[in-house]
Amino acid sequence: MSRLEDMRRSVLGDGVNRCILCGEQLGPRGSACVVCEDCKKNVCTKCGVETTNSRPHAIWLCKICSEQREVWKRSGAWFFKGLPKQVLPQPMPVSKNKGPQPPSEPGPSELPTQDQKLPSRAPTRATLGALEFSLLYDQENSSLHCTLIKAKGLKPMDSNGLADPYVKLHLLPGASKSNKLRTKTLRNTRNPVWNETLVYHGITDEDMQRKTLRISVCDEDKFGHNEFIGETRVSLKKLKANQKKNFNICLERVIPMKRAGTTGSSRGMALYEEEVDRGGDIEERGKILVSLMYSTQQGGLIVGIVRCVHLAAMDANGYSDPFVKLWLKPDMGKKAKHKTQIKKKTLNPEFNEEFFYDIKHSDLAKKSLDISVWDYDIGKSNDYIGGCQLGITAKGERLKHWYECLKNKDKKIERWHTLQNENHVASD
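Bear in mind that the values here come from a model prediction, so they are computed numbers and not experimental data.

Student: Is there a simple way to explain the confidence of the model for the protein chain in this structure?
Tutor: Low-confidence regions, as indicated by low pLDDT, have predicted coordinates that should not be scrutinised in detail. In this model, the protein chain carries a mean pLDDT of 78, and residues with pLDDT of at least 70 account for 77%. Long-range and interchain partners of residues 95-126, a stretch whose pLDDT sits below 50, account for 15 contacts in this model, where long-range means more than four residues apart. This stretch, residues 255-282, has a pLDDT under 50; its non-local contacts, to residues over four places away or in other chains, come to 50 contacts.

What follows is the structure, encoded as structure tokens:
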């Protein structure tokens, strides 16, 4: 013990840029450094002790922490430190009718014991923290707005007793990367205030009836995997269109595994996927926002490709390099085909491009517009992601969109369309 105290008094460095024990300069211009497993301070390899400690890889300790472990081991303090305090719990309200029991227990000594034991009875909700947020379904623009306001009393995740929290959103069921949104990370706090709004585009009334929003709070780690703190889930069918709803919910540590993970996901986030009951193939392809307008002034059809959402991942990195092709059929030669710019490494590209077709209004009823989304690949044929066809031969929303365009001249009409996985020839 005296040797341990002498070592603590004789430290010379700060444990960051200089060795905590000898004070020698560390880094590229100085000595090689290692991090002590216990105190997390930097030490040089001369003042460090390498030990395996029954682990598959070796760990390093500074001489102070190594000596501390030796003292604990020899004195038996580790054994007594690990023993739980055996204290009788406070009597339940039912047992208050029994008179002789309360006087037999020392009242003052039990009050703090009760406070200490209460959190351990419900650790999942009491210690993970609470999250305040609001949700708004904009029916006109087919979008879901999630405003993350703040969190309070988050579980400490770092050695300094704090955390580096951020919030991540997933729409279930669905592929993880295509519908994942996240806030910025706030450093060294257990009570973060984000006031940040994240928006999902292309959300239909059908999505609102069958999808669930998973909101998870995580701790960012620069040198390792990010850690999960807690989550909450909201069924979207509980929301009313165009009415903001506020939430203040305690986080829970829900077991996320619904089924085995799928390919094309990072860090096992596909474990949060749930089985799609119907339209699974359609859901995986994604959606596209298209605008149509027949301009009487220019004498032609203006087609706008606004954006795509939740596209299927076609590359090994879990993303795609999407672009959109247009083809007005029957063929009008080279003027019938157009394509957008390529957007790199994204599953939610925003194009905002318009294309003009010089055609009479009377001839437009005989035509159909083929829209296809592709993944660009260098040195090989491009991959087909999905597509849809608008025209009088189409059905449902596709037919309705085309009909409204013909009926309402000089009026831009935007509609979301679900991409189908149909057989297509390789793109140009």
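Student: Is there a simple way to explain unusual backbone geometry in this structure?
Tutor: In the segment running from Leu172 into Pro173, the intervening peptide bond is cis, with an omega of -5°. With respect to the helices and strands, Pro173 occurs in the loop between strand S7 (165-172) and strand S8 (181-182). Put simply, Lys329 and Pro330 share a cis peptide bond, and its omega is -10°. Here Pro330 lies in the loop between strand S15 (322-329) and strand S16 (337-339). With phi around 55°, His310 is a residue other than glycine that occupies positive phi space. For His310, a relative accessible area of 10% corresponds to the buried category. With a phi close to 45°, Lys345 is a non-glycine residue in the positive phi region. Note that Lys345 resides in the loop between S16 and strand S17 (350-358).

Student: What is the right way to look at the pattern of salt bridges in this model?
Tutor: Oppositely charged side chains may form a pair once their charged atoms are brought near each other. Evaluation of the coordinates by the stated rule reveals 12 salt bridges. When the shortest N-O distance is used, the salt bridge between Glu231 and Arg214 registers 2.6 Å. Note that Glu231 is positioned in strand S11 (residues 227-235) and Arg214 in strand S10 (residues 212-219), a separation of 17 residues in sequence. Each member of the pair, Glu231 as well as Arg214, is classed as buried. Among the charged side chains, a salt-bridge network with shared partners connects Asp164, Arg182, Arg187 and Glu220.

Student: Would you mind going over the packing of aromatic side chains with me for this structure?
Tutor: Here the distance between the centres and the angle between the planes together describe a pair of aromatic rings. For the structure shown, the criterion picks out 2 aromatic pairs. Ring plane angle 10° and centroid distance 4.9 Å describe the contact between Phe133 and Phe247, whose orientation is recorded as stacked. Here the residue Phe133 occupies a position in strand S5 (residues 130-138), and Phe247 occupies one in strand S12 (residues 245-250), the gap between them amounting to 114 residues. As far as the burial class goes, Phe133 and Phe247 line up, both buried. Between the aromatic rings of Trp374 and Tyr384, the centroid separation amounts to 5.2 Å while the plane-to-plane angle is 70°, which identifies the pairing as edge-to-face. Of the two residues, Trp374 is situated in strand S18 (residues 368-375) and Tyr384 in strand S19 (residues 383-391); the sequence distance between them amounts to 10 residues. Trp374 gets classed as buried once you look at its relative accessible area, which sits at 3%. Taking the ring centre of Trp327 as reference, the NZ or CZ of Lys329 above it sits at 4.5 Å.

Student: Which parts of the structure should I look at to understand the nonpolar core?
Tutor: Side chains of nonpolar character tend, in soluble globular proteins, to be buried together. Leu131, Leu148, Leu169, Leu213 and Ile215 are the most contacted members of the largest nonpolar core, which has 30 residues in total. Going through the elements one at a time, S5, strand S6 (143-152), S7, strand S9 (193-201), S10 and S11 are the ones with two or more residues in this core. Residue contacts for Leu213: discarding those within four places in its chain leaves Leu135, Cys146, Leu169, His170, Leu171, Tyr200, Thr232, Arg233, Val234 and Leu236. Judged by nonpolar contacts, the second largest core, of 29 residues, contains Leu347, Ile385, Cys388 and Cys405.

Student: Can you walk me through helix H2 (residues 63-75) in this structure?
Tutor: The α-helix advances 3.6 residues per turn, and as a result positions three or four apart in sequence lie on the same side. For H2, built from 13 residues, the straight-helix expectation of 18 Å at 1.5 Å per residue is met to within 8% by its first-to-last C-alpha distance of 18 Å. Contacts from the buried residues of H2 go to helix H1 (2-9) and strand S4 (59-62).

Student: Sorry, what's going on with the sheet that holds S9 here?
Tutor: Sheet strands pair via backbone hydrogen bonds, and the direction of the pair is either parallel or antiparallel. In space, the 4 strands of this open sheet follow the order S9-S6-S5-S12, with antiparallel pairing throughout. Either end of the sheet is taken by a strand with one partner, and the two such strands are S9 and S12. With direction set aside, neighbouring strand axes in the sheet form an average angle of 20°. Relative to S6, S5 is paired through 9 bridges, and the arrangement is antiparallel.

Student: Even after reading the chapter, I still don't get the sheet that holds S10, so can you show me in this structure?
Tutor: The strand order across the open sheet built from 4 strands is S8-S7-S10-S11, with neighbouring strands paired in antiparallel fashion. Of all strands in the sheet, those with a lone pairing partner are S8 and S11, marking the two edges. Relative to S10, S7 is paired through 8 bridges, and the arrangement is antiparallel. Across the sheet, residue Leu172 finds its bridge partner in S10, namely Thr212.

Student: What exactly am I supposed to notice about the side chain of Glu404 here?
Tutor: Summarising the element assignment, Glu404 is placed in helix H10 (residues 396-407). Separated by 2.7 Å, the side chains of Glu404 and Arg415 make a polar contact. Apart from the residues lying within four places of it in its own chain, the contact partners of Glu404 are Ile413 and Arg415.

Student: Can you walk me through the environment of Cys405 in this structure?
Tutor: Among the secondary structure elements, Cys405 is positioned in helix H10. What makes Cys405 buried here is its relative accessible area of 1%. With near-sequence residues (within four places) excluded, Cys405 lies in contact with Leu292, Met293, Tyr294, Leu301 and Ile413.

Analysis parameters
- Residues numbered from 1 in each chain as written.
- Predicted model: local features only at pLDDT ≥ 70, side-chain atom pairs only at ≥ 80, totals over all residues.
- Heavy atoms only, no water.
- pLDDT = per-residue confidence, 0-100.
- Contact = heavy atoms within 4.5 Å.
- Helix = DSSP H or I, 4+ residues; strand = E, 2+ residues; numbered from the N terminus.
- Buried < 20%, exposed > 50% of the residue type's maximum accessible area, 1.4 Å probe, protein only.
- Salt bridge = Lys/Arg side-chain N within 4 Å of Asp/Glu carboxyl O.
- Phe/Tyr/Trp six-rings, centres within 6.5 Å; stacked < 30°, edge-to-face > 60°.
- Lys NZ or Arg CZ within 6 Å of the ring centre and 35° of its normal.
- Core = buried A, V, L, I, M, F, W, Y, C linked by side-chain atoms within 4.5 Å.
- Expected span 1.5 Å × (residues − 1).
- Pairing = 2+ DSSP bridges.
- Axes fitted to C-alpha atoms, helices over the stretch in contact; angles between N-to-C directions.
- Polar contact = N/O pair within 3.5 Å; in protein donor to acceptor, adjacent residues only side chain to side chain.

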